[in-house]
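Residues per chain, in single letters:
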Amino acid sequence: MLLPRRSPSLRARLALLATGTAAILLIPLAIVVHVLVRDMVADRIWDRSLDTATSVAAQIRDGHLPNPIPTGGNDIDLIEVAAPDGRVVAESSAAEHLPRLSPLRPAPDREVTQTTACSPAGRDCLYVTVLRVTPGPGSDLVYAGRAAPGILDTSVTLPALLLAALLLTALAGWTAYNVTGRALRPVEAIRSELAEITDRNPGGRVPKPPGDDEFSRLAQAANDALSRLDTTIQRQRQFAADASHELLTPIAGIRAQLESARLHPEDTAEALCAALRDTDRLEAIVADLLLLARIPTVPETAREEVDLSHLVVTEIERRPERLPTHLHNTPGVMVRGVRRHLARVVANLLDNAERHALTVVCVRVSCVEGAAVLYVRNDGLPIPEADRERIFERFYRTDAARSRDRGGTGLGLAIAREVVEAHGGSIRVEDVTDSEPGVRFVITLPLAPDPADDPDADAAGHPAGPADLADADDPDEPDAGDLAADYRAADYRTRDCGNPGR
């Protein structure tokens, strides 16, 4: 079985990319430059040699041709004038000791001919222009040219350019490798620091580079994630410790009662009753813990439209009246969510209010600024500012000396917050400073969307789904048409419970 090869690092890949790009650009560029330079040099020689031959032909026609022929100072130093029979009748000083510049005799109908004459070895080439002085076959011929310059007469020009292109390519790769290494140095520092962070050391943070570039924002995002992870780990550890303590307490009580029943058979009935009370408490704690674990995993399909006003009325009606409860209700406040979870929130808030109220509990449901608002008020003692956020923590109690039997499982408000936030809402606690002071819990939930805007809604205006089928088969669930009667039947004194913002 072939093992997958290790992928090269980003630094190496960028260096290879830069090297390949430079090679693709520079090598063809070197070849193109070589060809263009040769053509430009050759064209310049042809132009100058033609000018020189034209000047010499003009002197011949005027009958004032000196011998040796002077050069024009334009690097064309090889000049010959040949008679129609091929004899050299005049030449420049540089051409005196050379054989004929070229044996070429152009056709009578061609005035100018340009050629290249080289030695048998292909070296020592001459660039020559042949010009007829007069038309016709009996005209003298002027030969003007020069030896090929080094750039045209050598074979190392192209290899030299290719070598320079390769050196520049290697330089581009080396530069890209080093520049990329410097640029990625913060990433390596972040990686090494993240590698040191474990569940035993969750409080580490990665170094943040100066500035506000991508790496700085990456480090900030990593630190934010680590902070949230650290907070979650600390909460989980605290929750595990608190849960262990809360579960051990009823277990220890059950064991103590059973041991007492074994040692004192005459007290068996009383011991069994106490053990059953502890068992009920243990069962309640475990059920609440399971509910907290299930809340974030509820699928969207399990949600339905819920009349929050009717839900509150139903919850108040089914409770034993421990304290007077005053309800100020607005019918038809519709939210979308899990009915049993929202009912649990209302029950938990009413339990908490009754537990702390002195004389009365006040409940209000209304629509405020396009949101459903439920708040439960009691006339008990105010909650200290430092505890207003901590009371939503799991197993937190403001009064550690309070009886656990009276104080519940310690998870009621934590469940309320988890459910409300899972439904896209918020929950807060605030003091009431009007004529009847107390404490008020305020829950804000988004209203259910208008059925007219929901393409999946059925003909009655309700979203079709499993919840509708379940409600249709439940004989105990009231119809929407009975809601008005339910509100009228709720025999509660109406009282101004105040506004959420007061």
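Model, not experiment: these values are computed from the prediction. (Residues numbered from 1 in each chain as written. Predicted model: local features only at pLDDT ≥ 70, side-chain atom pairs only at ≥ 80, totals over all residues. Heavy atoms only, no water.)

Engineer: So what exactly am I meant to see when it comes to empty space enclosed by the protein here?
Structural biologist: Here the idea is plain: a probe the size of a water molecule rolls over the atoms and shows the empty space left. What the rule picks out here adds up to 3 cavities of 30 Å³ or more. Here the largest cavity is characterised by a volume of approximately 60 Å³. For the lining of the largest cavity, the leading source of residues is helix 8 (residues 339–356), giving 3 residues. Residues belonging to the lining of the largest cavity are distributed by class as follows: 8 nonpolar, no polar and no charged. (1 Å grid on protein atoms, 1.4 Å probe; cavity = no way out; pocket = protein on both sides within 12 Å on 5 of 7 lines; lining within 4 Å. Points joined across faces, edges and corners; volume = space filled by probe spheres on them. Helix = DSSP H or I, 4+ residues; strand = E, 2+ residues; numbered from the N terminus. Nonpolar A, V, L, I, M, F, W, Y, C, P; charged D, E, K, R; others polar.)

Engineer: Honestly, the pairing of strand 9 (residues 361–368) in this entry has me stumped. Any pointers?
Structural biologist: Along any regular strand, the residues point their side chains to alternate faces of the sheet. Burial of strand 9 is extensive: 6 of the 8 residues sit out of reach of the surface. As paired elements, strand 7 (residues 325–329) and strand 9 share 5 bridges and run parallel to each other. Residue pairing for strand 9: H326 is matched across the bridge by C362. As paired strands, strand 9 and strand 10 (residues 371–378) are joined by 8 bridges and run antiparallel to one another. Across the sheet, V363 pairs through a bridge with V376, a residue of strand 10. Hairpin connection between strand 9 and strand 10: a loop of 2 residues separates the two successive antiparallel strands, and E369 in this loop has a positive phi of roughly 55 degrees. (Buried < 20%, exposed > 50% of the residue type's maximum accessible area, 1.4 Å probe, protein only. Pairing = 2+ DSSP bridges.)

Engineer: Please explain the confidence of the model for the chain as it appears in this structure.
Structural biologist: As a note on interpretation, predicted positions should not be read in detail where pLDDT is low. Averaged over every residue, the pLDDT of the chain is 78; the share at 70 or more is 83%. Long-range and interchain partners of residues 457–496, a stretch whose pLDDT sits below 50, account for 50 contacts in this model, where long-range means more than four residues apart. Confidence drops under a pLDDT of 50 for residues 498–502, and excluding neighbours within four residues, the segment shows 17 contacts in the predicted structure. (pLDDT = per-residue confidence, 0-100. Contact = heavy atoms within 4.5 Å.)

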